[in-house]
Amino acid sequence: MFGPASVTTPGKTASAKEDADGVMVQVWNLKKGFRRLGGEYVTAVNDVNLSISPGKLVVLLGPSGCGKTTLLRCIAGLEHPDAGRIEINGKCVFDSYEGIRLAPEHRAVSMMFQSYALWPHMTAYKNVEYAARSRGFSKDVDARVTKALRQVGIPQLGDQYPSQMSGGQQQRVALARSLAVEPPVVLFDEPLSNVDAKVRDQLRQELVAMQRAVRFAGVYVTHDQLEAMQLADRMAVMDNGSILQLDTPIEIYRNPISRYVACFVGQANDLEATVQTTNFDPSELVLDTSFGPLVTTGGRLSGVAAKSKVRVILRPEDIKLITGEAPSGRNVWRGTIQTVMFSGAHVEYRVRIGEQQLHVRSDARELLREGDMVSVAVDPALVYLFPDGGA
Amino acid sequence: MNAIAGVPQADRRAGVLGFIKFRGFGIASGIVAMAFIFFFAYPLGRMLYLAFFKGGNFTTQAFQKTLGDPDLGTLLLHTIAVTGISSVVAMAIATLLAWLNERTDASMGWVSRLLPLVPLMLPAIALSTGWFFLGHERAGLLNVGLRTLAGALGLDWWAETGPFNIGSWPGLIFVYTLYLVPFAYLLVAAAFRNFDSSLEEASRVAGAGAWRTFRMVSAPGILPALAASVFLVAVTALSNFSIPVIIGTAARVDVLSVHIVRLVRDAYPARTDEAVVLSLFIVAAVAILFWLQRLVSSRKRHVTISGKGIYPSKIPLGYWKWAARGLMFAYLAAASVIPLLGLFFVSLQRFWSSTITRQSFTLDVLLALFVGENLTKRALQSSIFLGIVGATLGILMATMLMLYVRQRPGFFARVVDASAKAPSAVSHTVIGLAMVIALTGAPFHLAGTLTILLLAYLVIYMPQAAISTGSGLDQIGTELLEASAVAGASQSRTFFRITLPLMRPALAAGWALLFVMIVGDLTASALLATNANPVVGFVIYDIFNNATYSSLAAIACVVGAISFTVVCTVLAFSRGGTPGGGSR
């Protein structure tokens, strides 16, 4: 899955260790497979290493079926991995070699579920109280529960049953239930995917504030890349059970390790190209594309053979549209606006250059119309290059 | 971070301890499962072996004797006719009732909830005896009433008999149909409910009228479900014993289930071998019906289950609404209150006759069930005892088995799951017969004990117990249990604080179901009970053959009243249960 060394940045690979102050969750070489009904063997988690510092939130991002939820459930103790070792808060909770397999109730974690998983026969207050008592709290439970409900902004709903609440309110109860025990580690399994967009935004803000205040280490599973980038201290892009890249959101966005990561995080124009040999400057490369020559200085270029096929990734917001007089220079082409989608803060354009269609995002101050002729320009430093084939 | 203090040390002991606890439950469930499979499979195997191996040699003597019986053709023809006709009629009525309740403004929510429960509130045993007393051509209460009324009006169309005669083909079909409608209704109403009404709305919006929509969209949509239901209803009809033994005997219509019991109980010497061969006919018929049902219902693409709880717009019926509601009331009354009243009325008389005077009323017959020392009183006591013990044990076993099946997927778990539900595919008569053959003699010597009845009830009614506890378990999403584990609760805390409270309605309903079916059982009871271990079903079978009708009415009336009370209590209890209950 990883590209050749020539197109990766040294030192940016998924590192198991983090240099920050201590480690709260540590996963070594975790493997988990299962057999489908038809007998086919599927590797859900494939040799994953991960470490999370106290007070930091790591987001696992990937398409459905990439193994992110399985990995989370392995940490919680709800799934039994086939191999590897997991430590939580300095204690080993799973080790296939030593035969250690701690039940979920003996691990120092809390968890939020996609379906909220509130117990329907208990009120909001009882739900939180049950969790507190299950973790062994016996003194000042009432104060603790009341405080937790107040923290999540629903102190008045303590006597309500889950079926009497809206989805957003239910998820707040679930949050209170997770945080009332002041857990060192909180696991989130797509907790916001069932609430509507407005509430989702609001809860996301509150979650970040809460995480700064309580300073738990968090593992957050989502398939929403925007949510991932907004929440994450570090994010892990997963596919086929493996972590492809583990880094800060900005690093992953600006320096994607592979074409797959580039396309999955943010939006991308994914183009075919062939390397030319006619350029003598070693710091740049000229590519043949369907709409003409494209110059790239996007680093890591040594060792790309002439005439070899490559893939080019262009981010829509990195492409500039210039109206009026066509500027001369490299990486400038003439094109026609095909479709316009006004999106409030910005505008999405489809621009046709010859046979190629490009997705361009531009600010909404100056609105172009369908059929307008424009010049399209790309900064050579913002052209990402990946080997052809594979993802 | 004082939460960590509450978390036990992550050492290896905790893991091992948890493992042992889990194992302990698994082992206990495994033993229960093995015992259940043994008492289900062994008698059937033993029965087949003894029928075909005499002194260790294979023989087809039993087959030849059975097939040589000149009455066999009539017997099979009658069985097929009764089962087939009543299943189809019941389906038609049930479809009409379901359509009225699910798609028109004649619908009444409580009727929809109550209708499927009618056979539990009034067991077949009480339904058929009730109608026997109402519709007997000479002394039937309805006939006597109508003749008295006609006499008062100066009409003498019917001198001594009529106008109704329950002891006839139409009478038999009528009672069978009354009994089968709820089973059909349950399936058809579910089909209507699952059929996405937005498909019908789309058709209306596309310009099709109500009739075209019904013909082109609704009907093809639920037809597979209807066809599948016919076969399941036919299996229920084929297995029934109470109706043919009481109404069928009066109508001189012999069907397989009754014939088998008579060969074992009333023939001397008992013609057990022939009974076994005839029971194979039932097994084969049920197998064919299940196969047909699967064939039809495998065309799943027709039934769409909508995710949203949209309420379909109700079709207004105008004045027909009241006629439709009248029809629903008429059915409910005919299947519950009217026969129960008939039973009560007859039980108030010392002798059942066509002349009723004020002097003939007495409470003696009813009171005899509760005071003094007699067979009927003992039968009632042991039936209730068996009902309580059997229902409790059955639900406990079913819960263990279903938890086991869900927690440890694997080959053995699938075997356990299948065998817990298998008895429903084997007629009760066949299981009862197998138990007579295998368990009454050496090495078990269970003849004339309550144990053999308990075993038979547990095996026969395990499918119902397994289905109600299983669906109760399925309603609790696994995430609710996982959330409890992640919140730090131990397995036992999770079981007692989350699983059990959430299952309570399902367990209560399952318990009531089992209790009512055991108390009202006639099939196994007629085969397995004797004067030494009398139960209600045995006494009813026995009294009916001896024609002491007042006692028969009294005991059927009491069984009906008990069932009615238990079912209504559980219904009220489970509805008032958890506020805003139901897991999401």
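To keep things clear, this report deals only with the structure shown in the data block.

Here is what the cut-offs are and how they apply
- Residues numbered from 1 in each chain as written.
- Chains lettered and ligands numbered in written order.
- Predicted model: local features only at pLDDT ≥ 70, side-chain atom pairs only at ≥ 80, totals over all residues.
- Axes fitted to C-alpha atoms, helices over the stretch in contact; angles between N-to-C directions.
- Helix = DSSP H or I, 4+ residues; strand = E, 2+ residues; numbered from the N terminus.
- Left-handed = near helix turned anticlockwise from the far one by under 90°.
- Contact = placed C-beta atoms within 7 Å.
- Nonpolar A, V, L, I, M, F, W, Y, C, P; charged D, E, K, R; others polar.
- Pairing = 2+ DSSP bridges.
- Expected span 1.5 Å × (residues − 1).
- Bend = angle between axes of the 7 residues up to and from the residue.

1. Looking at the packing of helix α6 (residues 124-135) of chain B against helix α8 (residues 169-194) of chain B
Residue and element names in this part refer to chain B. Where α6 contacts α8, the axes come no closer than 11 Å and their chain directions differ by 145°. The crossing of α6 and α8 is right-handed. Contacts between α6 and α8 involve Ala124, Leu127, Ser128, Trp131 and Gly135 from the former and Gly171, Val175, Leu178 and Tyr179 from the latter. The class makeup of the residues in the contact of α6 with α8 is six nonpolar, three polar and no charged.

2. Considering the sheet that holds strand β2 (residues 41-52) of chain A
All names here are of chain A. One open sheet holds the five strands; their spatial order is β2-β1-β4-β5-β6, and the pairing between them is antiparallel. Edge strands, defined here as strands with exactly one partner in the open sheet, are β2 and β6 (100-101). The pairing of strand β5 (residues 91-95) with β6 spans two bridges and is antiparallel. If you follow Phe94 over to β6, its bridge partner there is Arg101. Of the strands in this sheet, β1 (25-35), β2 and β4 (83-88) touch helix α1 (residues 68-76), which is tilted by about 115° from β1.

3. Details of the sheet that holds strand β9 (residues 217-222) of chain A
Residue and element names in this part refer to chain A. Across the sheet, six strands lie side by side as β7-β8-β9-β3-β10-β11; this open sheet has mixed pairing. In the strand order of this sheet, the two ends are held by β7 (109-112) and β11 (242-247), each with one partner. Averaged over all pairs of adjacent strands, the angle between strand axes in this sheet comes to 20°, irrespective of strand direction. One ladder, built from five bridges, connects strand β3 (residues 57-61) with β9; its direction is parallel. Within the sheet, the bridge partner assigned to Val59 lies in β9 and is Tyr220.

4. With respect to helix α14 (residues 320-347) of chain B
With 28 residues, α14 of chain B extends 39 Å between its outermost C-alpha atoms, agreeing within 8% with the 40 Å of an ideal straight helix rising 1.5 Å per residue. At Ala333 of chain B, α14 of chain B shows its maximal bend, which comes to roughly 50°.

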